[in-house]
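Geometric and topological summary
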Amino acid sequence: MFNVIALGAETKTTFSSYSDNGIFTGSVADDLNDINSYKMFEKAVREYIKKNNFKKGKIVCDMHPDYRSSLLAEEIIKELPGSELLKVQHHFAHIAGCMLDNDLDGEVIGISFDGTGYGADGKSWGGEFLTCSRKSFKRVYHFEYVHQPGGDVASREAWRMAVSYCYNAFGADFKKHAASLIERIGRNKVEIVEKMIFKNVNASLTSSVGRLFDAVSSILGVCDVSSFEAEAAILLEKAAGSEETSFYDYEILEDKISVSKMIKEIVLDMEKGVDKGVISAKFHNTLGEIIFDISKRINKETGLEKVLISGGCFQNKYLVDYLERRFEKAKLKLFKHKNFSPTDAGVSIGQAVVASSL
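In what follows, the accompanying structure is described. (Residues numbered from 1 in each chain as written. Predicted model: local features only at pLDDT ≥ 70, side-chain atom pairs only at ≥ 80, totals over all residues. Heavy atoms only, no water.)

Looking now at the pairing of strand E9 (residues 124-132). Counting buried residues along E9, nine of its nine residues qualify, which places the element largely inside the surrounding structure. In the sheet, strand E8 (residues 108-118) pairs with E9 via eight bridges, with the strands oriented antiparallel. Pairing of Ile-111 across the sheet is with Phe-129, part of E9. Bridging between E9 and strand E10 (residues 137-143) involves five bridges; their strand directions are antiparallel. Looking at the pairing, Phe-129 lines up with Tyr-141 of E10. Hairpin connection between E9 and E10: a loop of four residues separates the two successive antiparallel strands. (Buried < 20%, exposed > 50% of the residue type's maximum accessible area, 1.4 Å probe, protein only. Helix = DSSP H or I, 4+ residues; strand = E, 2+ residues; numbered from the N terminus. Pairing = 2+ DSSP bridges.)

Another aspect to go through is the environment of Leu-308. Mapped onto the secondary structure, Leu-308 falls in strand E15 (residues 306-310). Expressed as a C-alpha distance, the spacing of Leu-308 and Ser-112, which sit 196 residues apart in the sequence, is 8.3 Å. Beyond its immediate chain neighbours, meaning those up to four positions away, Leu-308 contacts Ile-95, Cys-98, Met-99, Leu-104, Val-108, Ile-109, Gly-110, Ile-111 and Phe-335. (Contact = heavy atoms within 4.5 Å.)

Take the pattern of salt bridges next. Applying the stated criterion across every chain yields a total of 22 salt bridges. The partner of Arg-326 in a salt bridge is Glu-289, with the nearest N and O atoms 2.7 Å apart. Placement of the pair is Arg-326 in helix H11 (residues 317-327) and Glu-289 in helix H10 (residues 276-302), with a sequence separation of 37 residues. Exposure remark for Arg-326: the relative accessible area of 32% places this residue in the partly exposed category. (Salt bridge = Lys/Arg side-chain N within 4 Å of Asp/Glu carboxyl O.)

Further remarks concern unusual backbone geometry. Unusually for a residue other than glycine, Lys-12 sits at a positive phi of about 50 degrees. Along the chain, Lys-12 turns up in strand E2 (residues 11-13). The backbone phi angle of Asp-103 is positive, close to 55 degrees, even though this residue is not glycine. Within the secondary structure, Asp-103 sits in the loop between helix H3 (90-101) and E8. Since its relative accessible area comes to 65%, Asp-103 is described here as exposed.

Now for the nonpolar core. Taken as a class, soluble globular proteins show a tendency for nonpolar side chains to be buried jointly. One finds Phe-129, Phe-143, Leu-212 and Ile-263 to be the most contacted residues of the largest nonpolar core, which totals 64 residues. Sequence-distant contacts of Ile-263, defined by excluding residues within four places in its chain, comprise Tyr-165, Cys-166, Ala-169, Leu-212, Val-216 and Ile-219. Of all hydrophobic cores here, the second largest spans 27 residues; its members include Ala-9, Ala-96, Ile-349 and Ala-355. (Core = buried A, V, L, I, M, F, W, Y, C linked by side-chain atoms within 4.5 Å.)

Among the structural elements, Ser-83 can be located in the loop between helix H2 (68-78) and strand E7 (84-88). Accessibility expressed as a relative area gives 15% for Ser-83, which makes it buried. Beyond its immediate chain neighbours, meaning those up to four positions away, Ser-83 contacts Phe-54, Lys-55, Lys-56, Gly-57 and Ile-77.

With mixed pairing, the five strands of this open sheet are ordered in space as E4-E3-E1-E6-E7. The sheet terminates laterally at strand E4 (22-25) and E7, the two strands that pair on one side only. Taking each pair of neighbouring strands and ignoring which way they run, the sheet shows an average axis angle of 20 degrees. Contacting strand E6 (58-62) and E7, H2 crosses the sheet at an angle of about 160 degrees to E6. (Axes fitted to C-alpha atoms, helices over the stretch in contact; angles between N-to-C directions.)

All we've got here are geometric facts, nothing functional implied.
Here's what the structure looks like:
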């Protein structure tokens, strides 16, 4: 008998139940915004509840108020008197799932990089450094917020994030350094996005490393518009030369990581005609250095030594291999997923872990 059922996120999502007998996870639903995908997901959840005679317990969902899985959770809770609805922050769920995957208890350092997740402050998160137990988390560092012009459109049109990061780094003079981007995209479109950022219109804030990957991919001319999820990031990884060991500069401003210096140096390398494979490798190396640097800082502040990585960005083999080499001789111990997915397919598992611990 189980008393926790978690409904996951929105895309590439699953539902999971958790009991003394372990975890059960349903099949992956591609996109709950697609009506057929949602109906199949809802049917599977309801059939599982009925088949297992679930009458009272905890129904768990993401904090995002508009996720179809969250709305389904609110429907189901009304049908199960005495049950409790819990909402678990997206990136906390990623790390909780990784804790279960590595059979870890106690408190850990959790690093969650992905495309997007609803933050506790109502903004879009995705570049998060947390301290976590299975019950709670604290956000201790994060990537500096930048504008995401056009909202979700920017996750497909990487050039929008290129404009945003360049604007953030260079200010109003960014167009002097974006000639190739303007030539490919068109000055009019770039200036429209510039106005969206300047006037803060339909340009929500995000700390997403996924969107940073998109920006760099477009700045390099690797991918301006994705034809499938994460294409810009995938192509950027493929472009990286494996022999490069150097990295770009960055800043830690209190609890925020600023990559404006890195963006300026990337643009300068482009202007010098540096090979794109070298630039991509240096970008990946920089992310690895940031992770190692912040992990050491958190260790110094808290004494925690176990570092867990989760989220879609850690499907990137180049980045994970870099981290494994970087942490190899350090007193900090790096943990990655073994059996569960680091993507949103694993979010429901983390949600169930948190709920079962409360």
